[in-house]
Amino acid sequence: MTFIIHAVIVFGIPPFIIFTKNKKLLLLLFIGIIISYILNLYYKHCILTLLEKKLNKTAIVDFFGRKFLPGFDGSKEDCNVAGATIIIYHGIFCFLKLLKLYNF
């Protein structure tokens, strides 16, 4: 179940950002992304990732980390870096879409 939630978050947010034109939903999503990043910095790891690793022995960030991050070994610190990177990409992508919608 946690894997499905993570997959929806990781793979569902970019298409949502691409295809939506609802400014209020995008702004709400952007605020949620910022809060998620702040919580990731504060707790030093994602709670969903820890739960997913406990239940499944692997997490969705492991797939991204092994593929795109050199030296990724699956530790909590590496998962934190991979998760924070995904959150930052989503945030930048959402911010750029908001700029486009607000005609800046």
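Rules used in this analysis
- Residues numbered from 1 in each chain as written.
- Predicted model: local features only at pLDDT ≥ 70, side-chain atom pairs only at ≥ 80, totals over all residues.
- Heavy atoms only, no water.
- Phe/Tyr/Trp six-rings, centres within 6.5 Å; stacked < 30°, edge-to-face > 60°.
- Lys NZ or Arg CZ within 6 Å of the ring centre and 35° of its normal.
- Core = buried A, V, L, I, M, F, W, Y, C linked by side-chain atoms within 4.5 Å.
- Buried < 20%, exposed > 50% of the residue type's maximum accessible area, 1.4 Å probe, protein only.
- Helix = DSSP H or I, 4+ residues; strand = E, 2+ residues; numbered from the N terminus.
- Contact = heavy atoms within 4.5 Å.

Points about the packing of aromatic side chains
- By the definition in use, this model includes three aromatic pairs.
- The positively charged end of Lys23 is found above the aromatic ring belonging to Tyr102, 4.7 Å away from the centroid.

Some details on the nonpolar core
- By size, the foremost hydrophobic cluster in this structure holds 10 residues: Ile13, Ile17, Leu26, Leu29, Phe30, Ile33, Ile87, Cys94, Leu98 and Leu101.
- Breaking this core down by element, the ones donating at least two residues are α1 (2-19), α2 (23-43) and α5 (76-101).
- Excluding residues within four positions of it along the chain, Leu101 makes contact with Thr20, Lys21, Lys23 and Leu26.
- Core analysis: the second largest hydrophobic core is formed by nine residues, Ala7, Val10, Ile60 and Ile86 among them.

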